[in-house]
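# Report on the structure
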Number of protein chains: 8
Amino acid sequence: MNRTELKKLLTAFRDGGLSTDELLERLQALPFEDIGVARIDHHRELRQGTPEVVLGESKSADQLDAIVAAMTARGRNILVTRLNPEKAKRLQQRHGGDYDPVGRTFTLSGQAPPRPRYGPLLIVCAGTSDLPVAREAAITARMLDLEVEELVDVGVAGIHRLLAESSQLQRAAAIIVVAGMEGALPSVIGGLVAAPVIAVPTSVGYGTAFGGLAALLGMLNSCASGITVVNIDNGFGAAFAAARILRRNDE
Amino acid sequence: MNRTELKKLLTAFRDGGLSTDELLERLQALPFEDIGVARIDHHRELRQGTPEVVLGESKSADQLDAIVAAMTARGRNILVTRLNPEKAKRLQQRHGGDYDPVGRTFTLSGQAPPRPRYGPLLIVCAGTSDLPVAREAAITARMLDLEVEELVDVGVAGIHRLLAESSQLQRAAAIIVVAGMEGALPSVIGGLVAAPVIAVPTSVGYGTAFGGLAALLGMLNSCASGITVVNIDNGFGAAFAAARILRRNDE
Amino acid sequence: MNRTELKKLLTAFRDGGLSTDELLERLQALPFEDIGVARIDHHRELRQGTPEVVLGESKSADQLDAIVAAMTARGRNILVTRLNPEKAKRLQQRHGGDYDPVGRTFTLSGQAPPRPRYGPLLIVCAGTSDLPVAREAAITARMLDLEVEELVDVGVAGIHRLLAESSQLQRAAAIIVVAGMEGALPSVIGGLVAAPVIAVPTSVGYGTAFGGLAALLGMLNSCASGITVVNIDNGFGAAFAAARILRRNDE
Amino acid sequence: MNRTELKKLLTAFRDGGLSTDELLERLQALPFEDIGVARIDHHRELRQGTPEVVLGESKSADQLDAIVAAMTARGRNILVTRLNPEKAKRLQQRHGGDYDPVGRTFTLSGQAPPRPRYGPLLIVCAGTSDLPVAREAAITARMLDLEVEELVDVGVAGIHRLLAESSQLQRAAAIIVVAGMEGALPSVIGGLVAAPVIAVPTSVGYGTAFGGLAALLGMLNSCASGITVVNIDNGFGAAFAAARILRRNDE
Amino acid sequence: MNRTELKKLLTAFRDGGLSTDELLERLQALPFEDIGVARIDHHRELRQGTPEVVLGESKSADQLDAIVAAMTARGRNILVTRLNPEKAKRLQQRHGGDYDPVGRTFTLSGQAPPRPRYGPLLIVCAGTSDLPVAREAAITARMLDLEVEELVDVGVAGIHRLLAESSQLQRAAAIIVVAGMEGALPSVIGGLVAAPVIAVPTSVGYGTAFGGLAALLGMLNSCASGITVVNIDNGFGAAFAAARILRRNDE
Amino acid sequence: MNRTELKKLLTAFRDGGLSTDELLERLQALPFEDIGVARIDHHRELRQGTPEVVLGESKSADQLDAIVAAMTARGRNILVTRLNPEKAKRLQQRHGGDYDPVGRTFTLSGQAPPRPRYGPLLIVCAGTSDLPVAREAAITARMLDLEVEELVDVGVAGIHRLLAESSQLQRAAAIIVVAGMEGALPSVIGGLVAAPVIAVPTSVGYGTAFGGLAALLGMLNSCASGITVVNIDNGFGAAFAAARILRRNDE
Amino acid sequence: MNRTELKKLLTAFRDGGLSTDELLERLQALPFEDIGVARIDHHRELRQGTPEVVLGESKSADQLDAIVAAMTARGRNILVTRLNPEKAKRLQQRHGGDYDPVGRTFTLSGQAPPRPRYGPLLIVCAGTSDLPVAREAAITARMLDLEVEELVDVGVAGIHRLLAESSQLQRAAAIIVVAGMEGALPSVIGGLVAAPVIAVPTSVGYGTAFGGLAALLGMLNSCASGITVVNIDNGFGAAFAAARILRRNDE
Amino acid sequence: MNRTELKKLLTAFRDGGLSTDELLERLQALPFEDIGVARIDHHRELRQGTPEVVLGESKSADQLDAIVAAMTARGRNILVTRLNPEKAKRLQQRHGGDYDPVGRTFTLSGQAPPRPRYGPLLIVCAGTSDLPVAREAAITARMLDLEVEELVDVGVAGIHRLLAESSQLQRAAAIIVVAGMEGALPSVIGGLVAAPVIAVPTSVGYGTAFGGLAALLGMLNSCASGITVVNIDNGFGAAFAAARILRRNDE
């Protein structure tokens, strides 16, 4: 399309409809995306059905309503994260869609609903308190067309529970490991599998857990090679990273 | 193989060569790897030519010499990281091999030398001071059979230098971004590409750089979605993570 | 005026109306401002119409009411920062004036209303969550007679949006850059312009954002030369610093 | 010039020497600086005589020698910061120039030697231990064509020494305040003058000085409005910020 | 008295009323205070009228009521610190006494009401937001028989206000300096006077004030010699330290 | 003995050899250990052969020589920790004894050489870099009469190696777990055994290992119940804690 | 039992009821606990009456109700920690049991109620504000069959109160020391007794207490040898560690 | 004197030797010390024989030599702190004087040698490793005319050693307590005496001692009321604070 516009511009110039100076001015004013840099940011979404993502936390109900209305008009899939129940209720009344109170996410399918095309992505969760972050990751991943499996409550202090799921671990194309407290689970899993492992520290714990810092440091210093880490409680980011990995082949 | 051994054991039992109690004792004493858990840790190396990795920093020249001797005997590829020139010299005199003084790595090819089979992996480096970490990543990646490209000195304060390399960024199957100081480069690159981005903070900087902490925090809080992070100066880990991602299809 | 008073005192002394000891005593007791040290602190305000600034956060509605009453009596322009809506409502009922719920500021013009005389100052904002801090900066700057332009939602993960505003960046006499999370925007802008850049970290973010610490460290370690920084969320301070820079020529 | 090249390109296109597709490809490949974004980064230097700045710390003597040789060939003024005496000696033997052992800077004038054209900039130093940072700032500022004045050893514990220099403080167009330990000096000076104040924390002190962190926090929390801060020991950055402020009028 | 009891014991032993073993057992069981170590802890209070101090924060209204009742029965002066208005109201209804809502203290005089006998102690306060801590210090000091003077709102950014009070500073036998934000005031005062200076950092400020940490570090690194520091917001502790200093001569 | 002395004193008193006042004075001057408080500190050593422990790090060779000479004269077992080879050589030349260069300990047996009487204590070590701390623990434990077993290089990233040693883990009466980096090993072991587990973080690692802080936080936040922790690199302290546990029954 | 099941399996195999492949598959699928690794985790509870422990904080009233119902059905003793009064009320209405509002614990005895069989364990508490943590420790310990003694309000600033309890300290088989603020009490007690000492830092304090960090650091750096530490406010963990120590002999 | 000069000025004015404007100019230019503010800083030294204090650490041997020469010419007592042996040797060769290698201080008496006039000041030291800091405090105190007593190696883990020195503690007019590791000693001493207690944390310790931070936090959070604290390793500052306290009566 941009190419088309550019061609129009150039044709107008060649045909004398634009002076050299006028053309130069137009070229310099072109948004950079129009000449190739950010081309990847657009169009891909509609073609692939990836969602528009909105951070719900810092936006008012009015703002969210307007944003969702605009996107549904364009047929986009929508994912709102970190959304409280009150705002979610309002969005649902106006636009339908689903709200997950554990993961605190609102989702709405557009013209090209997400479907599981890449994966499988396994999301492992150390304890039940880590579930909200794991759920945010799972819902995000599904909106990004990943096939998701989940494994809950397999902390390192009961290592046999984890080992008993060895075959599921081996089958995964990528693994997100969600853990708070000492954050040791990614190290153990990283030693068991060859697949990419994305570690998500959670703010679960008290005292010297320091809101997830202990888990984060544990994961960054993992003795298992090649573990990567995202921000504390960032389930969304981990799923997005998994999508960067698993969707590669299809573009 | 283990399966074979198990079958022998069971046959002996069925044939009366082992009492029930003897069999039970044998089964309980079996290393866990023998019954499937850690099977992935072994054999894959010889088959694929992946290297044995040794952390050179905390080992004496004598210890390193013995380890390298043992591995060359088994025909393994060898990678020693964080190795100072003195120890490297001694290893080279005894075993040959290559030493890279910038990346501080020693490499030695065995029966199945590494060859570029997966990728391409692009390693981007914010400044020349970050080169040692980028080099460690590059050498590690090549030992893991990745095809590596490099892009140096494209910090965010001169954003046009980075944008001028847009096509190389788009071509990469995965990107490692190495940056110290404020660690902003992964955010910019993450916004430009859809591929996996692994960020490596370096200890480059002074004062409030706090030995790489500023860069690490910058990367963990990236406004670009789906950036993952490894420990400060951990070029090896970033390359290993890239190998987890890029080698997936081949196993 | 002080000079006048001093002259009166000295004339009285020379005329014998004061003994030497009496004069000495009077001189030693003079407030220091009267002999030149802090002269710059006063009078300039009325002459130039600069506002009296009140930190609203730690003061009661009664205290604020009394302060505003006193200042309006003297015809001063008034700026109250970090003011919640309840206290603002009371001030407005009694004294009129304007309250901005985003920037949480109350303003009231006196005998010499502020007017845009210096600048232009450009205030750039990485994301919509950073708006309250940017707004506080904008309102403060306008009360200090600066001409203010604003640029919103141009984070580094979508670098093309920023580059598209290149001419506005080049035109600014000074730029305040407001950003949370990794705080990378000032580095990019500092590389694009030659004007003074004042960076304001915000407490936007979660987990390892550590209430703005990640952004602050990013800004202090900027690879762009000559970026200066103020305290987290300190929009007021950034605007005041801009006024120190831009009002220079006029005094 | 770029404009000239663009015109050539467009003329060739209009004249049929380039097809539309060929032209499009050429346009997309143009470095971004060529279409206006980073135009300010170049040419200005030669015109104004600003120096090329090299961070000496992380470069070898060979690398520095090569860089200096290249720049002298282009007639540039050169500033090397954080340079130890050994490397400096070698540079001087080959290229002449001056080395300041306190500020640890090497300077060499090219075709357009720096001359004091903007200012005056006053550099205030709390104690003699802060001198190396103040000196780096002074030499950098002079290389950037600022007129520099210096005031040493006027810490807040002997406030009368500072107050005795009141007239010099009032005269300055901008002030850099260098202080370690508690870093209180910028607050006092910021209360005395209306000019821009750039605070530089130094790593002077021990124990809870935490390598300059105490001073940095003191400066960020200054009760004087509109103080801005740079990284610990960053005399270069403070001078560069001052140049952003003082050179404004001339561009 | 203890001496008397011991004598009784020994007399009983010499007279045969106790066997050697019985005496040994009794001696070993004696509370340590009875043999001289902690003698200073007791009796001094009634003799000097010093108050019993109760930390109100972590105690229930019932517990406080019981404690106050017990102490009034013994005629003691009472000081309850960090007490909220609800609990204070209940104490006042039952026992009378005074509650200060700014300093959050409850006081009740017993048989020997406090009277100003030592000092004068000057309590200096940087800003109005620091008043609650200064007030706690003042009330505590008065309960400890110190004569207290107060000086408010003399921050270092308006140094002339402080210098104008020079004579009051010189007159003080000891000075408590209460300051938040950068905590620079004790350095300036410590340079002006020879008397003991006790610095109290307050949690006033935001962002990098880190709840008083910036002020604390500033005070610990004061360039004025011989400044001592207490915990953040610890007005009580500063007053108690002043009493240790000023009451010395009288014991 | 003290009892004997006390009896002599009391007999002298009863017999009139001491006046009441003289006796009182003598009693008050008695070291507190003599009347029962610290009785446990002494005598037990000779009876049980426990060593005198000397921290070698901060003492000169002369001081150490004198201390060892004094203790050998009394027939004591001696343990010097954190001793460098130079000082050790001198001690050995004068006094004989053994020096362990890995654990950096010097030991010398006296009249009652240590012998393995309590235990077994198992010391588990995550990696070879953690060996110096594990060795210090082992040597200390043996000097305290514990029977010691050792298990090396069983990090959590290769969990099967640890699980293969299950029976040795189950047999131990107490376990010391030494680990750096993420410090996850104690959590896994704590989940496998019911015995006391003492975790020792080591300073092994780089970057965000922060000199052992990451491991320490991991251990304090262990999801295995009832793990206790000692200071970073404190092998001595862990062994001493084990001795407090295992020697209990024998006193 | 597992042994029995295994025998059945093997008998079926020998008798031809299972093929070799079928048996292999069954063996590999066996939960690891069944072949000896985690055997200690189970059965012991019913035999010894140890409780099932539930962390109440992050669970809803519904979830807790279901868990308690399930466990009472199996006759288990139950301990719920960190439970607020509202949830406790609901549990009590449905299941009976006891709630301690200070320690915030709910307990319910099953078929084998806890009884004091090991110890005595002494729990020492520095101040009344530390009581909730000490109470959690006491109740946990009693549920684990320990005999518990308590000693309250014996802080180091009144050392004679502690020394007066010397005999109780000497009698204890293990001691838990709970302290906030500077956390010095374990050092003093560790110097007085030979028994195991487990230190629990509490979040009591303000300002630089940093939520228990000051106490934690004090305990980790104790000058008394062999003190071990658990997480801040972790009364449960300390009691569990004591049980690991004291129950040893009985298994 | 200043008064004299002022009188001269005023007389000249009254006599017509100065115009009003000339006088005003002269008055405004007067150093502030001349009109009373900082009068206390001067003259007192010669009258009382207090030393000139020089921080030796950051000065060259040449600089120190020049400073000492200048001060001996004026008959001043001299104290140089933090001086290494090499520089000390040079000072002694030129000027005589004494060097203490433990406290790292150089002292030289002038016309009015220090003599013990105030006190006694007791300096208590937890362990032998803390001696350098205690020694710096002792030598500083003696140069400030304080009478000094010392008590070494009385850490809280052997509380009886401290209690045995009760009478010396009671006798002191002020106490400096020097301690590293957990820094608990000031709390115990503060509970035993009524005199002022100044706590000095030292950098003794390892791991979580964090270079004295643990001790500092322990002291700031002391449960003994009225303890004040100085910077880590700041023996000089503690002695100076003691002089502020003890010299009070004599001025």
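Owing to the predicted nature of the structure, the values given are computational and were not obtained by experimental measurement. Numbering of residues starts from 1 in each chain and follows the order in which that chain's sequence is written. Chains carry letters and ligands carry numbers; both start at the beginning, A for chains and 1 for ligands, and go up in the order they are written. pLDDT decides what is reported in this predicted model: residues at 70 or higher carry local features, side-chain atom pairs at 80 or more are listed and counted, and totals for whole chains, interfaces and linings draw on all residues regardless. Processing note: side-chain calculations cover all non-hydrogen atoms of the structure and skip hydrogens and water entirely.

## Thoughts on helix 6 (residues 131-143) of chain B
To qualify as a helix, a DSSP run of H or I must reach at least 4 residues; to qualify as a strand, a run of E must reach at least 2; elements of each kind are numbered from the N terminus. The span one expects for a helix is its residue count, reduced by one, times 1.5 Å. Between the first and last C-alpha of helix 6 of chain B there are 18 Å, a value that for 13 residues agrees with the 18 Å anticipated at 1.5 Å per step. Burial classes follow relative accessibility: with a 1.4 Å probe on protein chains only, a residue under 20% of its type's maximum area counts as buried, one over 50% as exposed, and anything between as partly exposed. Along helix 6 of chain B, the residues that are buried comprise B:Val133, B:Ala134, B:Glu136, B:Ala137, B:Ala138, B:Ile139, B:Thr140, B:Ala141 and B:Met143.

## Brief notes about the sheet that holds strand 2 (residues 78-81) of chain C
All names here are of chain C. Two strands pair if DSSP finds at least two bridges between them. Spatially, 4 strands are ordered 1-2-4-3 in an open sheet, and the strand pairing comes out mixed. Across the chains shown, the open sheet's two edge strands, defined by having one partner strand only, are strand 1 (52-55) and strand 3 (98-100). Within the sheet, the average angular offset between the axes of one strand and its neighbour, ignoring direction, is 15°. Strands in contact with helix 5 (residues 85-95) are strand 2, strand 3 and strand 4 (105-108); relative to strand 3, the strand with the most contacts, it is inclined by about 165°. Axes here mean lines fitted to C-alpha atoms, for a helix over just the part in contact, with angles spanning 0 to 180 degrees between N-to-C directions. Contact criterion: two residues are considered in contact whenever any of their non-hydrogen atoms come within 4.5 Å of each other.

## Notes on the side chain of B:Ser187
By secondary structure assignment, the location of B:Ser187 is in helix 9 (residues 185-192). Leave out the neighbours within four places in its chain, and B:Ser187 touches B:Ser222, B:Cys223, B:Ala224, C:Val156, C:Ala157 and C:Glu182.

## Digging into the environment of A:Val200
Residues and elements named next belong to chain A. With respect to the helices and strands, Val200 occurs in strand 8 (residues 197-201). When the C-alpha atoms of Val200 and Ala134 are compared, they prove to be 8.8 Å apart, with 66 residues separating the residues in sequence. Aside from chain neighbours lying at most four places away, what touches Val200 is Val133, Ile176, Val177, Val178, Ala179, Met219, Val230, Asn231, Asp233, Asn234, Gly235 and Ala238.

## Quick notes on the confidence of the model for chain A
The predictor rates its confidence in each residue with pLDDT, a number between 0 and 100. Looking at chain A as a whole, its pLDDT mean stands at 84, while 85% of the residues score no less than 70. Counted against residues more than four places away or in other chains, residues 29-48 of chain A, with its pLDDT under 50, gives 46 contacts.

## What about the pattern of salt bridges?
Side-chain pairs of opposite charge can arise where the charged atoms are in close proximity. Each salt bridge in this description consists of a side-chain nitrogen of Lys or Arg and a carboxyl oxygen of Asp or Glu lying within 4 Å of one another. Counted according to the given criterion, the structure contains 56 salt bridges over all chains. Residue D:Asp65 pairs with D:Arg94 through a salt bridge whose shortest N-O separation is 2.9 Å. With D:Asp65 in helix 4 (residues 61-73) and D:Arg94 in helix 5 (residues 85-95), this pair connects stretches of sequence that are 29 residues apart. When its relative accessible area of 9% is taken as the criterion, D:Asp65 is described as buried. One salt bridge connects G:Arg142 with G:Glu150, and the closest N-O pair in it is separated by 3.5 Å. A relative accessible area of 36% places G:Arg142 in the partly exposed class.

## Some thoughts on the domain arrangement of chain A
Residues and elements named next belong to chain A. Assigned domains of chain A: these are domain 1 (31-108) and domain 2 (118-250). On the side of domain 2, 12 residues touch domain 1, which itself brings 16 residues to the contact. Buried area is understood as the total, over both parts, of accessible area removed when two parts are fitted together, assessed with a 1.4 Å probe. Interface area for domain 1 against domain 2, summed over the two sides, is near 1100 Å², with a carbon-plus-sulfur share of 62%. Between the two partners, domain 1 and domain 2, sit 1 salt bridge. Across the pair Arg135 and Asp100 runs a salt bridge, and its minimum N-O distance is 3.0 Å. Residue assignment for the side of domain 1 that touches domain 2 shows that the elements contributing at least two residues are strand 2 (78-81) and strand 4 (105-108). Along the lines of polarity and charge, the residues of the side of domain 1 that touches domain 2 split into 6 nonpolar, 8 polar and 2 charged. Each domain span listed reflects an automatic or database assignment of domains. Ten residue types, Ala, Val, Leu, Ile, Met, Phe, Trp, Tyr, Cys and Pro, are classed as nonpolar, four, Asp, Glu, Lys and Arg, as charged, and the remainder, Gly among them, as polar.

## A few points about the environment of A:Ile78
All names here are of chain A. Inspection of the secondary structure puts Ile78 in strand 2. It is 35 Å that separates the C-alpha atoms of Ile78 and Val188, two residues lying 110 residues apart in sequence. Setting aside residues up to four positions removed in sequence, Ile78 forms contacts with Pro51, Glu52, Val68, Met71, Thr72, Phe106, Thr107, Leu108 and Met143.

## Things to note about the packing of aromatic side chains
Pairing of aromatic rings covers Phe, Tyr and Trp, the last through its six-membered ring, and needs centres within 6.5 Å; plane angles under 30 degrees mean stacked, over 60 mean edge-to-face, and all others mean tilted. Applying the stated criterion to the full structure yields 12 aromatic pairs over all chains. Between the aromatic rings of C:Phe236 and C:Phe240, the centroid separation amounts to 5.8 Å while the plane-to-plane angle is 55°, which identifies the pairing as tilted. Within this pair, C:Phe236 and its partner C:Phe240 are both found in helix 11 (residues 235-246), separated by 4 residues, close to a single helical turn. With a relative accessible area of 22%, C:Phe240 lands in the partly exposed category. A positively charged side chain is recorded as over a ring if its NZ (Lys) or CZ (Arg) lies within 6 Å of the ring centre. The angle to the ring normal must also be within 35 degrees. Positioned above the aromatic ring of H:Tyr206 is the side chain of F:Arg82, whose terminal nitrogen or guanidinium carbon lies 3.8 Å from the ring centre.

## A short note on the sheet that holds strand 3 (residues 98-100) of chain D
Residues and elements named next belong to chain D. Reading across from one edge, 1-2-4-3 is the order of the 4 strands in this open sheet, with mixed pairing throughout. Two strands bound the open sheet, and with one partner strand each, they are strand 1 (52-55) and strand 3. The mean angle between the axes of side-by-side strands here comes to 15°, regardless of whether they run parallel or antiparallel. The pairing of strand 2 (residues 78-81) with strand 4 (residues 105-108) spans 3 bridges and is antiparallel. Bridge pairing links Val80 to Phe106 in strand 4.

## Describing the state of the cysteines
By disulfide we mean two sulfur atoms from cysteines, separated by a distance within 2.5 Å. Going through the model one piece at a time under the given rule, you end up with 0 disulfides over all chains. For A:Cys223, which is in no disulfide, the shortest distance to another cysteine sulfur is to F:Cys125 and amounts to 12 Å.

## Here's the deal with helix 5 (residues 85-95) of chain F
Given 3.6 residues per turn, any residue in an α-helix points the same way as the ones three and four places further on. Residues and elements named next belong to chain F. Of the positions making up helix 5, those classed as buried are Lys87, Ala88, Leu91 and His95. Along the axis of helix 5, the buried residues cluster in a sector spanning 100°; they form a single face. Exposed residues pointing more than 90 degrees away from the buried face of helix 5 are listed as Glu86, Lys89 and Gln93. Residues of helix 5 that are buried sit in contact with helix 4 (61-73), strand 2 (78-81), strand 3 (98-100) and strand 4 (105-108). Just downstream of helix 5 lies Gly96, where phi reads positive at about 70°. Working note: the arc is built from the helix axis to C-beta atom directions.

## A word on the pairing of strand 8 (residues 197-201) of chain F
Residue and element names in this part refer to chain F. Most of strand 8 is tucked away: 5 of the 5 residues are buried. What you see with strand 8 is no split at all: Val197, Ala199 and Pro201 on one side and Ile198 and Val200 on the other are buried throughout. By the bridge criterion, 5 bridges tie strand 7 (residues 174-179) to strand 8 in an arrangement that is parallel. Residue Ala179 lies in a different strand from strand 8, and its bridge partner there is Pro201. Viewed along the sheet, the connection from strand 7 through helix 9 (residues 185-192) into strand 8 turns out right-handed. A clockwise path from the first strand over the helix to the second, with the strands pointing away from the viewer, defines a right-handed crossover. Traced from strand 8 through helix 10 (residues 213-220) to strand 9 (residues 227-229), the parallel crossover comes out right-handed.

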